Amino acid sequence: MNIAVLSGKGGTGKTLVSVNLAAAAENAVYLDCDVEEPNGYLFFAPEKIIQKNISIQLPVIDRNRCTVCRKCVEFCNYNALACIAGRIILFEEVCHSCGGCRIVCPENAITEEEKVIGHIESGVSKNVKVKTGILNIGETSGIPIIQEILKENEEDQRIRIIDCPPGSACSVMESIRDADYCILVAEPTLFGVHNLNLVYELVSKFSKPHGVVINKCLEGENPAEQFCIDKKIKILGKIPFHQEIGMMNSKGMILVREKESYRNYFINLLNEVTEIRN
Amino acid sequence: MKIAIPIDENKEDTTICMSFGRVPYFMFIDTESGLVEFIKNDAAESQGGAGIKAAQIIVDHQANILLTPRCGENAAEVIQAAGIKVYRTNGNSVKENIAALKEEKLTLLEEFHAGFHGHGNH
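All of these numbers come straight from a predicted model, not from anything done at the bench.

## Some details on the packing of helix H7 (residues 190-205) of chain A against helix H8 (residues 223-231) of chain A
All names here are of chain A.
- Put simply, H7 and H8 touch, their axes get as near as 8 Å, and they point 40° apart. Between H7 and H8, the angle falls in the class oblique. Judged by residue contacts, Leu190, Val193, Leu196, Asn197 and Tyr200 of H7 engage Pro223, Ala224, Phe227, Cys228 and Lys231 from H8.
- Looking at the contact of H7 with H8 residue by residue, the classes come out as 8 nonpolar, 1 polar and 1 charged.

As structure tokens, this is what we get:
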């Protein structure tokens, strides 16, 4: 079962919820798809790390063969190619690696070369298999890395927890594509409601079963809770704004591995989500 | 000398548009012949890379000068590689900016913003 954990902005507690859910399971795979700044590994400190590079294909134009017919420029839907002063130039960060320019070139002047954009680190932390996607600094899109993380282990029957990137853009859509359930993590503020609404709209559009965990809850007003009641969204749980949680989290500790009460809390949360699915 | 300007509407008393890559039209003014041309910007509806395609239109129409309030990095790369000079407009009046250019009152645009790439956030 694939459980995706997402939120409309960073810092709501996606990693807190993801890491603890994975650690609470008997055995699980934790997939960190927040490739721009993955941080789940800081908690798991996985061992036996295996590294795998992820590459994309970029066109290379042979200037001796190119007749500047511009067929490639006209073909490129992303406008990654331009023709200036009698030669074709490529804008790497705009290229989507579709390979179309190579196919349409009548002179066979275009070949492709691999460019490494990041890597995946796989390791083990007790009951959890940890996989971390890491996009190199300066690269525009981490989607190829996310696709690769999610593609591996397709036969794996264990619970897979997908720690998504923040927001509701392309990389998040890619991360939840195969999710059986989406957990939306929100903050109990008006700002939190705005961000919750972004991911709520996204999972609704994708028709994904979903529920909300409200993190950092205090006594009194809770606009995020009210939002869920009004929209009839299932509230899976509320995590208090508690100094102990903050302290443990800031030291890279995994709550469920430290204290029985937290362990029970996340086991219940996991059971609730897996039962909803069944 | 041929001047290119991103404009809001395809008529002479139009205003200069704030956007470059996704501007609806470009105006090309040939200062020697006085001929004015309006070209629809096909890049406006692009999924991505609008600035690159819009810059290609400017290059293909053999402009020597581009007057624009702002411009993205990728578009600037295309335009500068073609040897086209980019001046920063002052206010949105086409006439006033052409007059200011002739009087050498416009300054070169030297700061180019990073692309929005249609997302804001990837």
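From this point, the narrative continues.
## Some points on the packing of helix H1 (residues 50-60) of chain B against helix H2 (residues 73-81) of chain B
Residues and elements named next belong to chain B.
- The interhelical angle for the contact between H1 and H2, taken along N-to-C directions, is 25°, at an axis separation of 8 Å. One element, H1, and the other, H2, form an angle in the roughly parallel class. Remark: the crossing between H1 and H2 carries right-handed chirality. The residues of H2 that touch H1, namely those facing Gly51, Ile52, Ala55, Gln56 and Val59, are Asn74, Ala75, Val78 and Ile79.

## Considering the sheet that holds strand S4 (residues 65-68) of chain B
Residue and element names in this part refer to chain B.
- The 5 strands are arranged S3-S2-S1-S4-S5 in an open sheet whose pairing can be described as mixed. Single-partner strands in this sheet number two, and they are strand S3 (36-40) and strand S5 (85-88). Strand-to-strand, the axes of this sheet are offset by a mean angle of 25°, without reference to chain direction.
- Bridging between S4 and S5 involves 4 bridges; their strand directions are parallel. When the bridges of S5 are listed, Thr68 appears paired with Arg88.

## What to know about the pairing of strand S7 (residues 128-135) of chain A
All names here are of chain A.
- Taking burial as the measure, the 8 residues of S7 include 6 buried ones, the bulk of the element.
- Sheet topology places strand S2 (residues 28-32) next to S7; 5 bridges connect them, and they run parallel. In the strand pairing of S7, Tyr30 is matched with Val130.
- Note: strand S6 (residues 110-125) against S7, 8 bridges, orientation antiparallel. What sits directly across from His119, in S7, is Ile134.
- Joining the antiparallel neighbours S6 and S7 is a turn of 2 residues, in which Lys126 adopts a positive phi near 50°.

## As for the pairing of S3(B)
Residues and elements named next belong to chain B.
- Sheet topology places strand S2 (residues 25-30) next to S3; 5 bridges connect them, and they run antiparallel. By the bridge assignment, Ile29 is partnered in S3 with Val36.
- Here S2 folds back onto S3 in antiparallel fashion, the turn holding 5 residues, of which Gly34 has a positive phi close to 80°.

## Considering the nonpolar core
- Residues Leu6(A), Ile176(A), Leu184(A), Phe20(B) and Ile58(B) are the most contacted members of the largest nonpolar core, which totals 81 residues.
- At 7 residues, H1(B) tops the list of elements feeding residues into this core.
- Lining this core are residues from two domains, each supplying at least three of them: domain 1 (2-54 + 120-277) and domain 2 (63-108) of chain A.
- Contact partners of Leu184(A), with chain neighbours within four places excluded, come to Leu6(A), Leu196(A), Val199(A), Tyr200(A), Val203(A), His210(A), Gly211(A), Val212(A) and Val213(A).
- If you look at the next biggest cluster of nonpolar residues, it comprises 35 residues, including Ala23(A), Tyr30(A), Phe266(A) and Leu270(A).

Cut-offs and rules
Residues numbered from 1 in each chain as written. Chains lettered and ligands numbered in written order. Predicted model: local features only at pLDDT ≥ 70, side-chain atom pairs only at ≥ 80, totals over all residues. Heavy atoms only, no water. Axes fitted to C-alpha atoms, helices over the stretch in contact; angles between N-to-C directions. Helix = DSSP H or I, 4+ residues; strand = E, 2+ residues; numbered from the N terminus. Parallel < 35°, antiparallel > 145°, perpendicular 65-115°, else oblique. Contact = heavy atoms within 4.5 Å. Nonpolar A, V, L, I, M, F, W, Y, C, P; charged D, E, K, R; others polar. Left-handed = near helix turned anticlockwise from the far one by under 90°. Pairing = 2+ DSSP bridges. Buried < 20%, exposed > 50% of the residue type's maximum accessible area, 1.4 Å probe, protein only. Core = buried A, V, L, I, M, F, W, Y, C linked by side-chain atoms within 4.5 Å. Domains from an automatic or database assignment.

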